[in-house]
Every structure is written in C-alpha cells, then in structure tokens.
Amino acid sequence: MVEVTLSDPHALFALSMIKDYDNYTFTHSVNVSVIALAVGRACGLSEEQLRILGLGGLLHDLGKLKVDLNIITKPGRLTRTEFEQIKKHPVDGAEILKQMADIPSEVVDIARCHHLQYNREGYPADSKNKPLSPLVEMAAIADAYDAMTTLRSYQRPMTPRQAIKLLREKAGITLHPKILERFIGALGPYPVGSLVRLQNNEIALVTAVGGSTSAATKLKVIFGRDGDKLPTPRIVSPTEAEGLAIVAEVDPYSRGIEIASYLD
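Residues numbered from 1 in each chain as written. Predicted model: local features only at pLDDT ≥ 70, side-chain atom pairs only at ≥ 80, totals over all residues. Heavy atoms only, no water.

### Regarding the overall build of the protein
Helices and strands together make up the secondary structure of the protein, namely 11 helices and 5 strands. Over its C-alpha atoms the protein spans a radius of gyration of 20 Å, differing by no more than 12% from the 18 Å that the globule rule assigns to 264 residues. In terms of overall dimensions, the protein has a C-alpha envelope of 60 × 40 × 35 Å along the principal axes. A burial count over the protein gives 47% of its 264 residues as buried. In the protein, the share of contacts with a sequence separation of at least 24, taken over all contacts with a separation of at least 6, comes to 57%. On the protein, roughly 13200 Å² of surface is accessible, and the fraction owed to carbon and sulfur atoms is 53%. Across the protein, 30 positive and 31 negative side-chain charges occur, with their mean positions spaced 5 Å apart. (Helix = DSSP H or I, 4+ residues; strand = E, 2+ residues; numbered from the N terminus. Rg over C-alpha atoms; globule rule 2.2 N^0.38 Å. Buried < 20%, exposed > 50% of the residue type's maximum accessible area, 1.4 Å probe, protein only. Contact = heavy atoms within 4.5 Å. Areas by Shrake-Rupley, 256 points an atom, 1.4 Å probe, with all protein chains shown as cover. Lys, Arg positive; Asp, Glu negative; His and termini not counted. Charge placed at Lys NZ, Arg CZ, Asp CG, Glu CD.)

### Digging into helix α11 (residues 177–187)
Among all positions of α11, only Ile-179, Leu-180, Phe-183, Ile-184 and Leu-187 are buried. Projection of α11 onto a plane perpendicular to its axis shows the buried side chains occupying an angular sector of 135°, all on one side. Immediately downstream of α11, the backbone of Gly-188 shows phi near 85°, a positive value. (Arc of directions from axis to C-beta.)

### Side note on the packing of aromatic side chains
Summed over the entire model, instances satisfying the criterion amount to 2 aromatic pairs. Between Tyr-145 and Phe-183 the ring centres are 5.6 Å apart and the planes differ by 90°, which places this aromatic pair in the edge-to-face class. Within this pair, whereas Tyr-145 is found in helix α9 (residues 134–149), its partner Phe-183 is found in helix α11, the two being separated by 38 residues in sequence. Taking the relative accessible area as the measure of exposure, Phe-183 reaches 1% and is therefore buried. (Phe/Tyr/Trp six-rings, centres within 6.5 Å; stacked < 30°, edge-to-face > 60°.)

### Looking at the environment of Ser-237
Topologically, Ser-237 is positioned in the loop between β4 (229–236) and β5 (246–250). Residue class for Ser-237 comes out buried when judged on its relative accessible area of 3%. As a C-alpha pair, Ser-237 and Ala-111 span 126 residues in sequence and 40 Å in three-dimensional space. Only 3.4 Å separates the side chain of Ser-237 from the backbone oxygen of Thr-217, close enough to count as a polar contact. (Polar contact = N/O pair within 3.5 Å; in protein donor to acceptor, adjacent residues only side chain to side chain.)

### Structural notes on the packing of helix α4 (residues 47–59) against helix α8 (residues 105–113)
Viewed as axis vectors pointing N to C, α4 and α8 meet at an angle of 35°, and their least axial separation amounts to 9 Å. Note on packing geometry: the crossing formed by α4 with α8 is right-handed. Of α8, the residues touching α4 (which contributes Ile-52, Leu-53, Leu-55, Gly-56 and Leu-59) are Glu-106, Val-107, Ile-110 and Ala-111. Residue composition of the contact of α4 with α8, by class: 7 nonpolar, 1 polar and 1 charged. (Axes fitted to C-alpha atoms, helices over the stretch in contact; angles between N-to-C directions. Left-handed = near helix turned anticlockwise from the far one by under 90°. Nonpolar A, V, L, I, M, F, W, Y, C, P; charged D, E, K, R; others polar.)

### Structural notes on α9
Taking 1.5 Å of rise per residue, 16 residues should cover 22 Å, and α9 covers 23 Å from first to last C-alpha, within 8% of that figure. Summarising burial for α9: 13 of the 16 residues are buried, a large majority. (Expected span 1.5 Å × (residues − 1).)

### Some thoughts on the side chain of His-28
Counting through the fold element by element, His-28 comes out in helix α3 (residues 23–42). Classification of His-28 as buried rests on a relative accessible area of 4%. Look past the residues within four positions of His-28 in its chain and what remains in contact with it is His-60, Asp-61, Asp-143 and Asp-146.

### Some words on the state of the cysteines
Here the structure, examined in full by the defined rule, presents 0 disulfides. In this model Cys-43 remains outside any disulfide bridge; the closest cysteine sulfur is found in Cys-113, 18 Å from its own. (Disulfide = S-S within 2.5 Å.)

### As for the side chain of His-60
Mapping His-60 onto the fold places it in the loop between α4 and α5 (69–72). Of note is the side chain of His-60, whose polar atom sits 2.7 Å from the backbone oxygen of Gly-57. Other than its neighbours up to four places away in sequence, His-60 contacts His-28, Ser-29, Val-32, Ile-110, Ala-111, His-114 and Asp-143.

### Some details on the nonpolar core
Core analysis: the largest hydrophobic core is formed by 46 residues, its most contacted members being Val-39, Leu-53, Leu-97, Met-138 and Phe-183. In this view, Leu-53 contacts Ala-36, Leu-37, Gly-40, Leu-45, Ile-110, Leu-135, Met-138 and Ala-139; residues no more than four positions away in its chain are not counted. (Core = buried A, V, L, I, M, F, W, Y, C linked by side-chain atoms within 4.5 Å.)

### Side note on the packing of α9 against α11
Between α9 and α11, the least distance of the axes is 10 Å, while the angle of their chain directions is 50°. Our classification of the angle between α9 and α11 gives oblique. For the crossing formed where α9 meets α11, the hand is right-handed. Contacts from Pro-134, Glu-137, Met-138, Ile-141 and Tyr-145 of α9 reach α11 at Ile-179, Leu-180, Phe-183 and Leu-187. When the residues that make up the contact of α9 with α11 are grouped by side-chain class, the tally is 8 nonpolar, no polar and 1 charged. (Parallel < 35°, antiparallel > 145°, perpendicular 65-115°, else oblique.)

Rendered as structure tokens:
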C-alpha cells in the first residue's frame, strides 16, 4: 500500500480528499485495499495485478465525495431518495478516475462496478453486460467483508467467523464463489482478530494463522481459566500443549475487549 500511494500521486491526493470529507469513508477505503490485497494473494495475483487491485480498493468509493455528507453519516436507515443518491457514487467515482492520468482501466471498473454483484443484479444497471476483470469481484468481496466486520453507529460488527458464514450465503449470488472460497481458505478457520475460547477455558486472541491447519496459528491469551484478565497476555500456539485447542469463538464485546489494542 505504501508503494501504491508513493508511486501514484493521484492515489495520495484522492485519499487526502476522502480523509477531509469523512473519516469513516477514509478508513473503509484503506481497509478494503488491505483486504483486497489479501484476496488477491489468495488468488495468486502477480505483483503488478496486486498494485492495481490495491489502488482500486483505495479509490473504490471516491464517488462518495459527490454525495451529501449528511447522507453518508446518517446513523439510521436511509430513505429511498437518499439511497438513490448513494447509488450514484460508483458512476461518479468512475468519472472522476477517468479524468486522472495513468489510472488503469481495472481501477475505473472497480469504482464503477463494486456494487454490481456477481449475478449482475446490483448497480449501476447499465453495466450488467460489461465484461469485467476478476479484480472487480475481489474488491467486492473485500468491500463486503469490511462492511460486515466494522463498527458503525447503527451496526454492531460481526465477528470474523460470523462474517464468513454470511459471505458464504452470498456466494454465487452477490459474490464470486470461487474467489470467495480462496479468500476464506487463506483466512483459516479462525481468522486473525478472532477472540476464541480454548479447551482449557482460557480466552485468547488469534494473532497469526497458517491457512486451513492450526500448525502456524498463534494465540495471545488474555483471560485465564478462572475468567480473570491476565496482567500480561502470553503468546502460545495450539500445538504446544494439551488444552490449547480452539473450541469456540467469543464475541469480543461480551468481554469488553478492543481487539485492535491487542494486535501489535
């Protein structure tokens, strides 16, 4: 991402505009870029393809700059009129990007079509028959995953496993099924950031994963067997000793845990 923003002055300028416009949209744009890169690596993209995908993730919501900020930041359900305004942002973003020099066509397509859906029943409707790069499908998966797992004023975030379950329900409908399964496979059964209960009743945070097996999984134990928070979390691996096997996911909000503060 650093390489993308340093090598493309348009990306840096656009991100600064998004930051000034709305902090959530800025954070979401960065998150989608990071997650899209994870999707792309799971699909074996080349470094150049990853650069384009990362740039597309950063700029996918650029068109929201033309939407009334009161609509963007509204805490409750949007009216039909407000949602129609929101639905214009993909086309507006694509038009802004077309005016920038040296922006790859795939980046323009990501901005325009990240809400088009795998079944092409999304928006904008006039793009439903447009041939699209798989990068668009990857960005759409990243967009959906971040929306599900991010705290909003009107939405409690899903845990990673809850989000994966819902993503699978959308496979073949709104999300590309094969690309989605590669991404989920790379996340592992308990993705990084999952709070989990161990067989010995300790509660730990997943800080590293090794794909579909637990061999490379690393845990940061936060609560002891008695339920009390440890003065200093300790790092363990599920393969190190008996009782460390993961048995369930724990909702971090039920334990008053701010996940980001433990991911260092």
